[in-house]
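Residues per chain are reported as follows:
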Number of protein chains: 2
Amino acid sequence: MIVRQQHGRDESMHSCWPPDAVVWPQNVEQVSRMAKLCYTHNIPIIPFGTGTGLEGGVSALKGGVCFNMTHMERILNLSTEDFHVTVEPGVTRKSLNTYLRDSGLWFPVDPGADASLCGMAATSASGTNAVRYGTMRDNVINLEVVLPDGRVLDTAGKDRRFRKTSAGYNLTNLFVGSEGTLGIITKATLRLYGVPEATVAAVCAFPSVQAAVDSTVQILQCGVPIARIEFLDDVMIDACNKFNSMNYPVLPTLFLEFHGTEAAVKEQLQQTGEIIQLNGGSDFTWAQDQQERTRLWTARHNAWYAALALRPGCRGYSTDVCVPISKLPEILVDTREDLIQSCITGPIAGHVGDGNFHCIIVLDLNDEDEVRRVKEFTDRLARRALAMHGTCTGEHGIGIGKRSLLREEVGEVGIQVMEQIKATLDPKNLMNPGKVVV
Amino acid sequence: MIVRQQHGRDESMHSCWPPDAVVWPQNVEQVSRMAKLCYTHNIPIIPFGTGTGLEGGVSALKGGVCFNMTHMERILNLSTEDFHVTVEPGVTRKSLNTYLRDSGLWFPVDPGADASLCGMAATSASGTNAVRYGTMRDNVINLEVVLPDGRVLDTAGKDRRFRKTSAGYNLTNLFVGSEGTLGIITKATLRLYGVPEATVAAVCAFPSVQAAVDSTVQILQCGVPIARIEFLDDVMIDACNKFNSMNYPVLPTLFLEFHGTEAAVKEQLQQTGEIIQLNGGSDFTWAQDQQERTRLWTARHNAWYAALALRPGCRGYSTDVCVPISKLPEILVDTREDLIQSCITGPIAGHVGDGNFHCIIVLDLNDEDEVRRVKEFTDRLARRALAMHGTCTGEHGIGIGKRSLLREEVGEVGIQVMEQIKATLDPKNLMNPGKVVV
């Protein structure tokens, strides 16, 4: 289990695992040459983007060389006709969207941190917009990857950028989510979207978790093309209120966002409003102007800091599970009860349209008993998700924290196949060793 | 190169490759036991769904046992709350949608043939709805696969059915598109969608290919969530008119479809109508009632037979490439010219919103010179697509027909990595040998 420090870098709950050396390659040729050198001398490689991952993906468990990719930061081949762009590993999601500001296009995948896009590809990240726009799995068109022995692979072929293909094995999606264990991503070609003509955000409180989730299921069943639908439990709302000087009712709450033409958004609001009313939700508060929307989503993105502020001086750990949406009420109620029984501070926030949620646990690392309780709680939570046909991680990845849970999730044969792939592509186990499978 | 016979079965242009034996397993345990037996005795396995693939995927190049999966035809675990269903390999796309008829849900991926859904997963198929709903890559949640040695793998873990995950390597999308070369798919869990409240189809003729494609790009840029946008060139329209006793202008034409609420569809029609008018398109003919829409899409789905009727007694071969949308006018004009120069009958139809199109070539297999010209033409077409950052197949797969093109597309390292994966998962090269990579 990993605890994110307040400055946004990962640190193991138990100890820090620094690499033996750090290099800052400037281009793919240098990455390839250094990888070859490491391969010859059996030295582990740890790729590093922004270090904002949550499951210890950048810990150098066996020492080795950290490849800090932040000096490769070009944005290439933007096409406004074909809706794609290529980025180097130093480009973060916010810097890409700043670059795109005048193009009429944007990239929607938004994990909490301003992560590097290649790191997001490596982790199979997603965020608040995934319910409408998909995750990194859906939005990476091609990757340039340096393999452990220095060979340079273009997962879909060099400079290829099509909307679909059925040519050979899907190597792109083998590397998306591989967490640096199969190679070093040196370029990602991403799918872009048109900036919607109109965007409206809304907030709504509910008498119960069940009512909030029922509303979500019904909104999706009605085919409302909702862009964001985020759940915050009463503890989370309370923390947000305090941290952001806001005044929302301390109840299970949905933050929503609608994208489309003016007329389409108006209709979506009306449909959603009716569903929410049927489920006993409060009057929907809309925020059409940019300033008000920014305030709302800043509050959502600040959930991490709002949680930390509940216990000054403590550390945070954000767990992450995902279940079929219909199972959300049950797992959220059970988890809430478990948190109370375990005396753990853990407000809940989540991407409820995907069935994905987080407990942002705030704990005192010096309290051994609390650390043990948190560890046991997070394992119980993951197993509760697994028992409901879910996954132990919707978007944070396996890292070092969830390897045994991965085994429970995919079963013995699943692990065997993953290990076979790892062994054939990284026979010396030099790529980010100790993560995901080995 | 493969030529589809009129009864819908594949046949090599050069010769037929029947297996030594055919088995009809009833359940996954039988598949596993028979696979083990084949593994022990080094006997090739050829998985068979409906045999409607277009690149020779079911040819038994090295003999062996054909696993005909059509007797496994249960539909399991439909969830109308979580929008998923699980199907066995005998279930076709049409039979699933018939089953779903009263559920308010549907499965949108629709290749021309009424293919088996597990076969569609194996081929990474798509069709006319992909521009809005994605391809099989986007819509398969989990697969049960029997590996060459008889082990049973659940690619996302047994009975898992979540909307997203970042747990370990994406094995699901490794098997989607693997064309039976890595294992036998025995179950697929698929994502479903709500049936739209309103559906309207439309037809529009254009003065040029460029005008039709420009309209497409602009419709997508404006964020119109179009469900289908299909291009038919003048030769194709002429053939359709004759075959279906219709009377469309013999010009480059778009067939379109809009899904949404009544109001949303009305707005989409208006936006699209304006764009089409700006590009010199004809007045948009709408078809709101089911009968008229069925007539229109039947004409589109009958394109294959309409093409064949151009030269009675001849055979058809549908090529398949995909390029960035902005390259479509250039490649379509060049391809039309090439067809004329090569004296080949090949009307063009395609999923223009994805940049994907087909030439439905009609040829006399007894005319050696024509067969040679067709072979050279299809290779030139694929290379033209590759030169424009495209792929040699958007949805038909590699099979035996496009293995050398795959090498050009993904490069030496790409092929090496695919071969490494094949060798580790199928060390004896028994799974559908001679397809895709080996």
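Residues numbered from 1 in each chain as written. Chains lettered and ligands numbered in written order. Predicted model: local features only at pLDDT ≥ 70, side-chain atom pairs only at ≥ 80, totals over all residues. Heavy atoms only, no water.

### Here we look at the sheet that holds strand 9 (residues 140–146) of chain A
The strands that make up a sheet are held in pairs by hydrogen bonds between backbone atoms, and each pair lies either parallel or antiparallel.
All names here are of chain A.
Step number 1: Taken in spatial order, the five strands line up as 6-7-11-9-10 in an open sheet, and their pairing is antiparallel. The open sheet has two edge strands, strand 6 (75–79) and strand 10 (152–154), and neither has a second partner. The sheet shows a mean angle of 10 degrees between the axes of neighbouring strands, taken without regard to direction.
Step number 2: In this sheet, strand 7 (residues 84–87) lies alongside strand 6 in antiparallel orientation, the contact comprising three bridges. Paired with Ile-75 across the two strands is Val-87, which belongs to strand 7. (Pairing = 2+ DSSP bridges. Helix = DSSP H or I, 4+ residues; strand = E, 2+ residues; numbered from the N terminus. Axes fitted to C-alpha atoms, helices over the stretch in contact; angles between N-to-C directions.)

### Some thoughts on the sheet that holds strand 4 (residues 45–48) of chain B
Residues and elements named next belong to chain B.
Step number 1: Strand order in the open sheet made by the three strands is 3-5-4, with parallel pairing throughout. If you trace the sheet from one side to the other, it starts and ends with strand 3 (21–23) and strand 4, each paired once. On average, adjacent strands in this sheet sit at an angle of 25 degrees to one another, irrespective of strand direction.
Step number 2: Where strand 4 and strand 5 (residues 65–68) come together, four bridges link them in parallel fashion. What sits directly across from Ile-46, in strand 5, is Cys-66.
Step number 3: Helix 1 (residues 28–40) contacts strand 3, strand 4 and strand 5 of the sheet and is inclined by roughly 170 degrees relative to strand 5. (Contact = heavy atoms within 4.5 Å.)

### Section: the relation of the copies chain B and chain A
Step number 1: Mapping chain B onto chain A calls for a rotation angle of 180 degrees and an axial translation of 0.0 Å; the resulting RMSD is 0.0 Å. Here the transformation between the copies is reduced to the relation of a two-fold axis.
Step number 2: Here 100% of the interface residues in chain B have copies in chain A that are interface residues too; the copies meet face to matching face. (Least-squares fit on C-alpha atoms with pLDDT ≥ 70 in both.)

### Some words on helix 1 of chain B
Think of an α-helix as turning once every 3.6 residues; residues three or four places apart then point the same way.
Residue and element names in this part refer to chain B.
Step number 1: Taking 1.5 Å per residue as the helical rise, helix 1 with its 13 residues ought to reach 18 Å, and the 18 Å between its terminal C-alpha atoms agrees with that figure.
Step number 2: Here helix 1 has its buried residues at Val-28, Val-31, Ser-32, Ala-35 and Cys-38. Viewed along the axis of helix 1, the buried residues span an arc of 125 degrees, placing them on a single side of the element. Set apart from the buried face of helix 1 by more than 90 degrees, the exposed residues are Arg-33, Leu-37 and Thr-40.
Step number 3: Buried residues belonging to helix 1 abut strand 4, strand 5, strand 9 (140–146), strand 10 (152–154) and strand 11 (184–191).
Step number 4: One side-chain oxygen at the N-terminal end of helix 1 lies 3.2 Å from the backbone nitrogen of Glu-29; it belongs to Asn-27.
Step number 5: Of the residues flanking the end of helix 1, it is Asn-42, one or two places downstream, whose phi is positive at about 55 degrees. (Expected span 1.5 Å × (residues − 1). Buried < 20%, exposed > 50% of the residue type's maximum accessible area, 1.4 Å probe, protein only. Arc of directions from axis to C-beta. Polar contact = N/O pair within 3.5 Å; in protein donor to acceptor, adjacent residues only side chain to side chain.)

### Brief notes about the packing of aromatic side chains
Step number 1: With the rule as written, the count across this model stands at nine aromatic pairs over all chains.
Step number 2: An angle of 80 degrees between the planes, with centres 5.3 Å apart, marks the rings of Trp-106 of chain A and Tyr-133 of chain A as edge-to-face. Taken as a pair, Trp-106 of chain A in strand 8 (residues 105–106) and Tyr-133 of chain A in helix 4 (residues 130–133) lie far apart in primary sequence, 27 residues in all.
Step number 3: Aromatic ring contacts, followed pair by pair, group Trp-106, Tyr-133 and Tyr-193 of chain A into a single cluster.
Step number 4: Directly above the ring of Trp-297 of chain B sits Arg-228 of chain B, whose terminal nitrogen or CZ lies 4.2 Å from the centroid. (Phe/Tyr/Trp six-rings, centres within 6.5 Å; stacked < 30°, edge-to-face > 60°. Lys NZ or Arg CZ within 6 Å of the ring centre and 35° of its normal.)

### Description of the packing of helix 7 (residues 209–221) of chain A against helix 9 (residues 262–278) of chain A
Residue and element names in this part refer to chain A.
Step number 1: At a closest axis distance of 9 Å, the pairing of helix 7 and helix 9 adopts a crossing angle of 145 degrees. In the packing of helix 7 onto helix 9, the handedness of the crossing is right-handed. Note on element contacts: helix 9 touches helix 7 through Thr-272, Ile-275 and Ile-276, opposite Ser-215, Gln-218 and Ile-219.
Step number 2: Residues that form the contact of helix 7 with helix 9 fall into these classes: three nonpolar, three polar and no charged. (Left-handed = near helix turned anticlockwise from the far one by under 90°. Nonpolar A, V, L, I, M, F, W, Y, C, P; charged D, E, K, R; others polar.)

### Observations regarding the domain arrangement of chain A
Step number 1: Domain boundaries assigned for chain A yield domain 1 (2–68), domain 2 (75–194), domain 3 (198–305) and domain 4 (312–405).
Step number 2: Here domain 1 of chain A and domain 4 of chain A have C-alpha centroids that lie 26 Å from each other. (Domains from an automatic or database assignment.)

### A closer look at the interface of chain B and chain A
Step number 1: Taken residue by residue, the interface counts 83 residues in chain B and 83 residues in chain A.
Step number 2: Here chain B meets chain A over a buried area of about 6800 Å², counting both sides, of which 54% is carbon and sulfur.
Step number 3: Of all residues in chain B, Lys-164, Ser-166 and Tyr-169 of chain B give up the largest surface area on contact with chain A, accounting jointly for 14% of the area buried on that side.
Step number 4: For the side of chain B that touches chain A, the secondary structure elements donating two or more residues are helix 4 (130–133), helix 5 (136–139), strand 10, helix 6 (171–175), helix 7 (209–221), helix 9 (262–278) and helix 14 (403–425) of chain B.
Step number 5: In terms of residues, the side of chain B that touches chain A owes the most to one element, helix 14 of chain B, which gives 14 residues.
Step number 6: Along the lines of polarity and charge, the residues of the side of chain B that touches chain A split into 31 nonpolar, 33 polar and 19 charged. (Buried area = accessible area lost by both parts, 1.4 Å probe.)

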